Structures are given as C-alpha cells and as structure tokens.
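Architecture at a glance
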Amino acid sequence: MAQLSPLLKQATPVVVERGEGVYLHDTTGRRNLDFTAGIGVTSTGHCHPRVVAAAREQIGKLIHGQYTTVMHKPLLDLTERLGEVLPPGLDSLFFANSGSEGIEAALRLARQATGRPNVVVFQGGFHGRTVAAATMTTSGTRFSAGFSPLMGGVHVAPFPNAYRYGWDVETATEFALRELDYLFATVTAPNETAAFFIEPVLGEGGYVPANTAFFAGLRERADRHGILLVIDEVQTGFGRTGKFWGHDHFDVRPDVVVIAKGLASGFPLSGIAASTELMSKAWPGSQGGTYGGNAVSCAAAAETLSVIKDEGLVENAAARGEQLLAGARLVADKTPRIGDVRGLGLLVGSEFTTEDGQPDNATAQAAQKAAAERGLLLLTCGAHMNVVRMIPPLIVTAEQVDEALEIWADAV
Ligand code: PLP
C-alpha cells in the first residue's frame, strides 16, 4: 500500500471533497472559508462555473498540443487576450507551467540578452523551488537547505522592510538603495549584472509591500547600467493587490514580468512577458517544455481574464482588501502579540512577535490552527513562518470578509 511522503506537511488537517466559490467542503461535511485560495491561485473562486465550462469545452476538443511542434488556438487566443492587460511595451509572451519555471525562463532570457552572468535579488524574496529559483530565494533557509551548492551569480540586496528595520519607509528605502550601490561598488559590478528580480510585495517573505521610491531607484539604476528589471508578479498579478498588476501601485516600468497563479484559476500555467525586441534575444531552443502552455489551461486562463473583467474583481479586491486590512488591524489592536498588520488589496499579513519584538512562530501557528478549527483556512509566511496571511479569492463578499474577521478575532 502506498502512502503520501512525510515531506508533505499540510498546514491544516482538512481533506477537501469539493470547492465552490470561497468555500472548500471537506470530507467531514464541513464548509470551510478558504482564505488561502490555493496560495493565491483561485482568484475567481473554486470552480467558477464559467471557467469550468470553458475548460470542459476545451477538453473535448484538444487537451495537449505541444507548442514547439504545432501551435494551438487556445494559446493564440490567450496571447491576444493578455495583450489587453499587459504593461505597455511588453508585447511578447512565452508560456510554461509553474511560477518557478517562469522565473527560470526570465533568468535565461536576462542572461542571454545581456551576456552578463549575475543577478541581484532582494532579501526576503521568494521565486520558487527549482534550483535557480531556490538560489534566488531568500525568504527562509528551508527552501534550499540540504541541497547546496546551488547556482552561482546571485547577489542579495536589502528590501525596504520598514517594520523590521524599525524605521520609517523613507529611511528604509534610502538605506536599501545605498546598500545596493555598496554591493555594486564592493561585491559585483553593475555591468556584470543581467537583471534585478523583485516582487512588488514580498509574498512568502511576509507580505511586505515595496514602495514607489524604491522602484524608482531600481529603475534608474537599471537604465543607467543596462540592467533588466524583472518583476515577479506570480503572487501579485491579475488583480490580487487591488490593481491589475502589483507594480501598478508603484508607477514603474518593468522589462519583464513573470506571471502564474491567478492567471488560470487553478490550472497550471505560467509565463513571461517582455518586448519583442528583448524576447528575440533569447537563444532558440533554450526555452520550452513538453507541457508548457497547455491547451486546457490556456482556455481556462482566457475565461479567467473575462471573469476578472466582467465581475469587477480588481475593484472588488481593492474594496474588500481595505475592509480586511482595517479589520485585521482592529484584531491586532487587542493583542500585543501582533506587531504589524500590512498588505495591499487581498494580500493581508499579521506579523506575530514575542514581547521583545522577535518573530513569534509558535503563536502565529497556534492562531492559524485555531482559525482552521473554527472553519477559516489561513496560511503562514515569513522566514520564521510568523506572519499569518489572508489571501481569499477575489470574489469574496463583504459578509464573508466580516465572517472571516470574526473567526480570526476569536482564534487570536
Ligand atoms: N514567485 C512567487 C512570487 C511566488 O509566490 C511563487 C510561489 O509561491 C513562485 C514564484 C513559484 O511558483 P511555483 O510554486 O508555481 O513554482
């Protein structure tokens, strides 16, 4: 008899039978409020009827049409649809399956296009678990422990995490940019740097938003030194933050965006977008994969984009996000163990700290467990797993946010 690997440690004991909107129905017959959305994936809710219908229809026509062998219509249709929402100038798309693969595709493109070996990533960033993506990940040592040596050429610069520095945002930003210049002056030359890789909001790193001045500083250095600015929108894209792209909050022009998660409502699909000029500098044959741009995933993604637009999900994420953030702050006001509550749109994190301000993983996990016992599914994040995060589907209603906050207050 086979059993699941002990490596698979679930955050909750829930065994799901059926998903419907914001709810996961488990095998005990309980309806759980899902404020994890499959780690920020099911933005249109579980099994949105329109996404289900589009996927069903596609399955009957074509499941797999390997894109380096033949082109298929769902991929062409999706490319056209994404053209309506991509940042200006990014008119060329390449597809893969997971966020990590998207990051690796962007890394290959950046190195090939610039002929430079190095990249700069930011402290607390998470970019995935494949070897290159894990090398670029600093949101916890657990993501690469035990399988070093990893890839070379990755340099780490500070992220303006004002709360953890104990400074205001301005001071933290000035410091982080100075440290970046210091890195360039003393460790790695900017003209050996292919790209910056950055998330608009640190995701796994604890739900810490970047800011406009920081992005302006990165853009200026990127332009000055011929470095590409790769924005990892895997967790923040497709309306999650209350604007279509996370970086829309920060008035910055990316050279490459990496997309996944909210793109296809749960079907595996990721991609990179860049200008045609940049994309054509990738070496033929270096990008691709057997399953990339799967036909059913593409059909589901095209319908996901329509649902996001027709149901006003970006606007809903902004409004419900404000409600959730305000409510989570009220809960924090009543407990000294929550040191900071922050977020953007429907990405909201509550950071648990000990009395002397150190990361408090035990209390965070106890609160998460208590919430799960009360029918509210949540996840933790942060290097020490001491930030409890709320990422409900973007279809969440005001009543469901209130219900979740009530459970959260009780659990805390
Ligand atoms: N980048 C970011 C910002 C992510 O949050 C994640 C996953 O959580 C990834 C990349 C990796 O994506 P995947 O798990 O699909 O490989």
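Labelled according to an unreviewed UniProt entry, the chain appears under the name Aspartate aminotransferase family protein, originating from Allokutzneria oryzae. In its Cofactor (unreviewed entry) section, UniProt records this for the chain: "pyridoxal 5'-phosphate". Here is the UniProt Sequence similarities (unreviewed entry) comment for the chain, exactly as written: "Belongs to the class-III pyridoxal-phosphate-dependent aminotransferase family."

Turning our attention to the overall build of the chain. Across its full length, the chain carries 13 helices and 17 strands. Taking 22 Å as the expected radius of gyration for a compact globule of 412 residues, we find that the chain reaches 21 Å, a close match to that expectation. Each principal axis of the C-alpha atoms in the chain carries an extent, and together these give about 55 × 55 × 45 Å. The 412 residues of the chain split such that 53% are buried. Relative to all contacts within the chain whose residues are 6 or more apart in sequence, the contacts with residues 24 or more apart total 72%.

This part covers the site of the ligand. Close to the ligand lie 15 residues; Ser98, Gly99, Ser100, Gly128 and Val234 are nearest. In terms of residue count, the dominant contributor to the shell around the ligand is helix H4 (residues 99-114) (3 residues). Looking at the shell around the ligand residue by residue, the class counts come to 5 nonpolar, 7 polar and 3 charged.

Compared with an ideal rise of 1.5 Å per residue, which puts 14 residues at 20 Å, helix H13 (residues 398-411) spans 20 Å between its outermost C-alpha atoms and is within 8% of the ideal. Of the positions making up H13, those classed as buried are Val401, Ala404, Ile407 and Trp408. Seen along its axis, H13 keeps its buried residues to an arc of 125°; they face one direction. Residues of H13 that are exposed and point more than 90 degrees away from the buried face comprise Ala398, Glu399 and Asp410. Against strand S3 (31-34), helix H11 (313-333), helix H12 (361-373) and strand S15 (376-377) lie the buried residues of H13.

A word on H4. Its 16 residues place the ends of H4 22 Å apart at the C-alpha level, agreeing with the 22 Å of an ideal helix rising 1.5 Å per residue. Taking burial as the measure, the 16 residues of H4 include 14 buried ones, the bulk of the element.

Right, let's get into the packing of H11 against H13. Their axes nearest at 10 Å, the elements H11 and H13 cross at an angle of 20°. On the basis of their axis angle, the class for H11 and H13 is roughly parallel. Relative to H13, the crossing made by H11 is right-handed. Contacts between H11 and H13 involve Arg320, Gln323, Leu324, Gly327 and Val331 from the first element and Ala398, Val401, Leu405, Trp408 and Ala409 from the second.

Formed by 125 residues in total, the largest nonpolar core has its most connected members in Ala106, Ala110, Val119, Phe196, Val230 and Val256. For this core, the element with the highest residue contribution is helix H10 (residues 295-310), accounting for 9 residues. Counting contributing residues per domain, this core is built from domain 1 (16-44 + 312-411) and domain 2 (51-310), each supplying no fewer than three.

Turning our eyes to something else, we now look at the domain arrangement of the chain. With domains assigned, the chain is organised as domain 1 (16-44 + 312-411) and domain 2 (51-310). Summarising the inter-unit geometry, the C-alpha centres of domain 1 and domain 2 are found 25 Å apart. Elements with a minimum of two residues in the side of domain 1 that touches domain 2: helix H1 (37-40), H11, strand S13 (338-344), strand S14 (347-352) and strand S17 (387-390). For the side of domain 1 that touches domain 2, the per-class residue count stands at 13 nonpolar, 10 polar and 4 charged.

Another point: the environment of Gln365. One can find Gln365 in helix H12. According to the C-beta neighbour criterion, Gln365 is partly exposed, with 16 such atoms within 10 Å. For the pair Gln365 and Phe352, spaced 13 residues apart in the sequence, the C-alpha separation amounts to 9.4 Å. Leaving out residues up to four positions away in the same chain, Gln365 has contacts with Thr380 and Met385.

This part is about the sheet that holds S14. In spatial order, the strands read S13-S14-S17-S16; together these 4 strands make up an open sheet with antiparallel pairing. Edge positions in the sheet fall to S13 and strand S16 (379-381), since each of these pairs with one other strand and no more. Each strand of the sheet is rotated relative to its neighbour by a mean of 30°, with strand direction disregarded. Pairing analysis gives 4 bridges linking S14 to S17, with the strands arranged antiparallel. If you follow Gly349 over to S17, its bridge partner there is Arg389. Sitting on the sheet, H11 is in contact with S13, S14 and S17, with an inclination near 180° to S13.

The interhelical angle for the contact between helix H2 (residues 49-61) and H10, taken along N-to-C directions, is 150°, at an axis separation of 8 Å. Overall, the two elements H2 and H10 adopt an arrangement that is roughly antiparallel. As H2 runs across H10, the sense of the crossing is right-handed. Contact residues: Arg50, Val51, Ala54, Ala55, Gln58 and Ile59 in H2; Ala295, Val296, Ala299, Ala300, Glu303, Thr304 and Val307 in H10. Broken down by class, the residue content of the contact of H2 with H10 amounts to 9 nonpolar, 2 polar and 2 charged.

This brings us to the pairing of S13. Burial runs high along S13: 6 of the 7 residues are buried. Here S13 pairs with S14 via 6 bridges, running antiparallel. Bridge pairing in S14 places Asp340 opposite Glu351. Where S13 folds back onto S14 in an antiparallel hairpin, the turn is made up of 2 residues, including Gly345, whose phi is positive at roughly 60°.

Criteria and thresholds
- Residues numbered from 1 in each chain as written.
- Predicted model: local features only at pLDDT ≥ 70, side-chain atom pairs only at ≥ 80, totals over all residues.
- UniProt positions renumbered as here; feature names shortened; annotations may be inferred.
- Helix = DSSP H or I, 4+ residues; strand = E, 2+ residues; numbered from the N terminus.
- Rg over C-alpha atoms; globule rule 2.2 N^0.38 Å.
- Buried ≥ 20, exposed ≤ 12 C-beta atoms within 10 Å, placed from the backbone.
- Contact = placed C-beta atoms within 7 Å.
- Near = placed C-beta within 6 Å.
- Nonpolar A, V, L, I, M, F, W, Y, C, P; charged D, E, K, R; others polar.
- Expected span 1.5 Å × (residues − 1).
- Arc of directions from axis to C-beta.
- Axes fitted to C-alpha atoms, helices over the stretch in contact; angles between N-to-C directions.
- Parallel < 35°, antiparallel > 145°, perpendicular 65-115°, else oblique.
- Left-handed = near helix turned anticlockwise from the far one by under 90°.
- Core = buried A, V, L, I, M, F, W, Y, C linked by C-beta atoms within 7 Å.
- Domains from an automatic or database assignment.
- Pairing = 2+ DSSP bridges.

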